[in-house]
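Fold and geometry: a report
Take a look at the letters that make up each chain.
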Amino acid sequence: MTWIRPNGAHAERPCTLVVCRGCCCGDPRKNPGTDHAGQLARLREAAAASGGRLAVRTSECLGPCAQANVIVVQPTTEARRRGARAAWFGWALDDTATDEIIAWAEAGGPGTTPVPPTLDLHRITPPAPAPAARATRRGRRGR
């Protein structure tokens, strides 16, 4: 069987901000007084101004709903090759948290620049994969 690599598979990925906008994150009923749309707009503006060094994606639900708003900062392709992994941040509800995430990502993000101490206060543990997902992954490894 021939495996065909999708177009763009060799492209280097920039530091990527994954913004949860599921059931709780981005919900003004859960966190009134937070400008959820404004936060996403600011993140997208930073990515547009970065010259391709930053990207922003949204996700339906990242999991830790009690820690909304959740933003995951994924490392660049090069940083991932060196062993960097995504950094998860919760309670990103105000301009200060948003500013710190943007500044850290612009400075290189995971594997490139240490997390500033004030941003480290927002760091959360990623949720464990669902049991079905673990079983599926294990089955694939054996092939």
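Attention here is on the structure that accompanies the text. Nothing here was measured: the structure is a model prediction, and the numbers come from that model.

The next point concerns the packing of aromatic side chains. A full pass over the atoms with the stated rule returns one aromatic pair. Between the aromatic rings of phenylalanine 89 and tryptophan 104, the centroid separation amounts to 5.7 Å while the plane-to-plane angle is 80 degrees, which identifies the pairing as edge-to-face. In this pair, phenylalanine 89 is assigned in strand S4 (residues 87-89) and tryptophan 104 in helix H3 (residues 95-106), connecting sequence segments 15 residues apart. Neither phenylalanine 89 nor tryptophan 104 differs from the other in exposure class; each is buried.

Another aspect to go through is the side chain of glutamine 74. Looking at where glutamine 74 falls in the secondary structure, it is placed in strand S3 (residues 71-74). Here the side chain of glutamine 74 touches arginine 13 through a polar contact of 2.8 Å, side chain to side chain. Filtering out sequence-adjacent residues up to four positions away, glutamine 74 remains in contact with Arg13, Pro14, Cys15, Thr16, Val18, Arg57, Arg80, Ala86 and Pro110.

The full count for this structure, using the stated rule, is seven salt bridges. Shared partners join several salt bridges into a network, and the residues in it are Glu12, Glu78, Arg81 and Arg82.

Right, let's get into the sheet that holds S4. Spatial strand order, S2-S1-S3-S4: four strands in an open sheet with mixed pairing. A strand with exactly one partner marks an edge of an open sheet, and here the two such strands are strand S2 (54-59) and S4. The mean inter-strand angle of the sheet, taken between neighbouring strand axes irrespective of direction, is 20 degrees. Where strand S1 (residues 15-20) meets S2, six bridges bridge the pair, whose relative direction is parallel.

Cut-off values and rules
Residues numbered from 1 in each chain as written. Predicted model: local features only at pLDDT ≥ 70, side-chain atom pairs only at ≥ 80, totals over all residues. Heavy atoms only, no water. Phe/Tyr/Trp six-rings, centres within 6.5 Å; stacked < 30°, edge-to-face > 60°. Helix = DSSP H or I, 4+ residues; strand = E, 2+ residues; numbered from the N terminus. Buried < 20%, exposed > 50% of the residue type's maximum accessible area, 1.4 Å probe, protein only. Polar contact = N/O pair within 3.5 Å; in protein donor to acceptor, adjacent residues only side chain to side chain. Contact = heavy atoms within 4.5 Å. Salt bridge = Lys/Arg side-chain N within 4 Å of Asp/Glu carboxyl O. Pairing = 2+ DSSP bridges. Axes fitted to C-alpha atoms, helices over the stretch in contact; angles between N-to-C directions.

What is shown is where atoms sit, not what they do.
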